[in-house]
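Fold and geometry: a report
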Amino acid sequence: MAAKASKALWYSFDANWYRAEYGAIMDALLSFSDQELEHWYKTEGAPSGHSPNRYFNEEWYRVNCSQAAEAITSGTYISGFEHYCNEGYKSFSPHYLFSERYYRQRYPDISEQNLQSGGFVNGYDHFLRSGDQEQRSGHLFFDPNIYLQNRPADPNLKGLAPFMNLLHSAHSLPNSISLSDHFNPAWYRALCPDAVMAVEYGFAPNVLYQFLSTFTPDRF
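Let me begin by describing the structure that accompanies this report. (Residues numbered from 1 in each chain as written. Predicted model: local features only at pLDDT ≥ 70, side-chain atom pairs only at ≥ 80, totals over all residues. Heavy atoms only, no water.)

1. Brief notes about the overall build of the protein
Within the protein, the secondary structure is distributed over 13 helices and zero strands. Overall, the protein shows an N-to-C arrangement of helices and strands of α-α-α-α-α-α-α-α-α-α-α-α-α. With respect to the principal axes defined by its C-alpha atoms, the protein has extents near 45 × 45 × 40 Å. Relative to its 220 residues, the protein shows a buried fraction of 48%. Of the contacts made within the protein by residues no fewer than 6 positions apart, 57% connect residues no fewer than 24 positions apart. Just so you have it, the protein exposes about 11,500 Å², and 50% of that area is on carbon and sulfur atoms. (Helix = DSSP H or I, 4+ residues; strand = E, 2+ residues; numbered from the N terminus. Buried < 20%, exposed > 50% of the residue type's maximum accessible area, 1.4 Å probe, protein only. Contact = heavy atoms within 4.5 Å. Areas by Shrake-Rupley, 256 points an atom, 1.4 Å probe, with all protein chains shown as cover.)

2. Focus: the layout of surface pockets
Any space left empty among the atoms is revealed by the rolling of a water-sized probe across them. By volume, the largest pocket amounts to about 590 Å³. Taken together, 27 residues make up the lining of the largest pocket; nearest its centre are Glu21, Asn57, Glu59, His171 and Pro205. Within the residue set of the lining of the largest pocket, elements represented by two or more residues are helix 1 (15-22), helix 3 (58-64) and helix 10 (162-167). Split into classes, the residues belonging to the lining of the largest pocket amount to 13 nonpolar, 10 polar and four charged. Lining the second largest pocket are 16 residues, and of these Trp60, Ser93, Phe98, Ser99 and His139 lie nearest its centre. Here the element with the most residues in the lining of the second largest pocket is helix 3; it accounts for three residues. Looking at the lining of the second largest pocket residue by residue, the class counts come to nine nonpolar, six polar and one charged. (1 Å grid on protein atoms, 1.4 Å probe; cavity = no way out; pocket = protein on both sides within 12 Å on 5 of 7 lines; lining within 4 Å. Points joined across faces, edges and corners; volume = space filled by probe spheres on them. Nonpolar A, V, L, I, M, F, W, Y, C, P; charged D, E, K, R; others polar.)

Below, the structure written as structure tokens:
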């Protein structure tokens, strides 16, 4: 993987998160040491479509980055995360609520020159380490101010920046609260029972994810 990418917050494998995320479907993972678990991820989990940490969504990336999907099929890379670390980080979106293009266009100070001088690998690295704390938005469908108003009180997450708070919350949270003015989960659930069913059957973590995965301008 690219040496430059290794400096980013989104790069590191998170053993504790990985156990919590995938341990329920594979009990053996709970007994692995951190080193053994990282090795298992690289050899088995990554090719199977697992994410390495809460910052990167492997399933989202494979579906929305055709270059990564083609590279995996050809054997150039074993996962979307490997593609992202080597070349995709420059322009592709690693999470369904962060857009590299949107972030840079919305905030002109996030220029390539300023990123390099600040020691940031890309816009997402800047957002996770700095922009989120400044309550910047990394996606049209995530407004930090609205999220802070609507999120449930959780003393364990107190003090976390808005997006980081969301990342540490349950995947199902966007089913029940609005993250921006652009999406009302209650309205969408009533309008699209198929979306609710997709979430219930495990095809999507929440209705917002399902919406962003299937949205076309002429659908509504």
